[in-house]
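# Summary of the model geometry
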Amino acid sequence: TALANNLVKGNTKSCGCKSSRITLKDRLTTHGMTGSPAYKSWQAMKNRCYQESHIDYKHYGAVGIQVCKRWRNSFENFLQDMGERPDGMSLERKDRSKSYSPSNCKWANVYEQANNRSNNRLITCYGVTQTLAQWSRQINIGSTTISLRIKRGWSVERALNF
């Protein structure tokens, strides 16, 4: 309990009865978003970069991909910079050779993510470079068909029916 003298002087704001109503959970809760989509993305990002036992560590942490200082130990900063994760989206690095940071990350859908993979086949036709999958969707010809045409020696223009 607080001394009456301290309450009068303003050194104490409560007699102490209020603190007994604050649960341990309330005292330990910082942002209340553990388990939210954004929190899960933040945690997964850190695990890929720093947990050697993580299945994808070899593609991230092992090759030097890190999480910026602002985000590494602060979900609140990550959330402030990225916002809540929209449905159907995941965290993507715009430049795969760079680490996770506000300037290099965005929320991306499955097609954007797929186009940013290191094993994509890039095809250039009339000065436009896209992945095989992007060309396939754009011209409505199966990616296997396009790939086989090019393997058989067709020009890119002919394979894409231009």
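Presented here is a report on the structure given in the accompanying data block. (Residues numbered from 1 in each chain as written. Predicted model: local features only at pLDDT ≥ 70, side-chain atom pairs only at ≥ 80, totals over all residues. Heavy atoms only, no water.)

Empty space within the largest pocket amounts to approximately 590 Å³. Every residue lining the largest pocket is counted, 22 residues in all, and those nearest its centre are Tyr60, Arg93, Arg96, Asn116 and Arg117. Those elements giving two or more residues to the lining of the largest pocket turn out to be α4 (37-50), β1 (90-93) and α7 (110-115). A breakdown of the residues in the lining of the largest pocket according to their chemical character gives seven nonpolar, seven polar and eight charged. (1 Å grid on protein atoms, 1.4 Å probe; cavity = no way out; pocket = protein on both sides within 12 Å on 5 of 7 lines; lining within 4 Å. Points joined across faces, edges and corners; volume = space filled by probe spheres on them. Helix = DSSP H or I, 4+ residues; strand = E, 2+ residues; numbered from the N terminus. Nonpolar A, V, L, I, M, F, W, Y, C, P; charged D, E, K, R; others polar.)

Bringing helix α9 (residues 143-151) into the picture now. Turning to α9, its buried residues are Ile146, Ser147, Arg149 and Ile150. Take α9 and look down its axis: the buried residues cluster within an arc of 160 degrees, on one side only. Relative to its buried face, α9 has exposed residues pointing more than 90 degrees away, namely Thr144 and Lys151. Of the surrounding elements, those touching the buried residues of α9 are β3 (122-125), α8 (132-139) and α10 (156-159). (Buried < 20%, exposed > 50% of the residue type's maximum accessible area, 1.4 Å probe, protein only. Arc of directions from axis to C-beta. Contact = heavy atoms within 4.5 Å.)

Okay, the nonpolar core next. Met45, Trp71, Phe78, Met82, Leu91 and Tyr100 are the most contacted members of the largest nonpolar core, which totals 17 residues. Looking at this core element by element, the count peaks at five residues for α4. (Core = buried A, V, L, I, M, F, W, Y, C linked by side-chain atoms within 4.5 Å.)

Turning to the packing of aromatic side chains, a few remarks are in order. One pass over the full model with this rule turns up seven aromatic pairs. Both rings, one in Trp71 and one in Phe78, keep their centres 4.9 Å apart while their planes meet at 85 degrees; by these two values the pair is edge-to-face. Like Trp71, the residue Phe78 is buried in the burial classification. Cluster of aromatic residues (ring-pair linked, three or more members): Tyr39, Trp42, Trp71, Phe75, Phe78 and Trp107. Arg93 extends its terminal NZ or CZ atom over the ring of Tyr100, reaching a point 5.3 Å from the ring centre. (Phe/Tyr/Trp six-rings, centres within 6.5 Å; stacked < 30°, edge-to-face > 60°. Lys NZ or Arg CZ within 6 Å of the ring centre and 35° of its normal.)

Turning our eyes to something else, we now look at the pairing of β3. Judged by which residues are buried, β3 turns out to be one-sided: Ile123 and Cys125 face inward and are buried, whereas Leu122 and Thr124, on the alternate face, are not. Two strands pair when backbone bridges link them, and β3 and strand β4 (residues 128-131) are joined in this way by four bridges, in the antiparallel orientation. Bridge pairing in β4 links Cys125 to Val128. (Pairing = 2+ DSSP bridges.)

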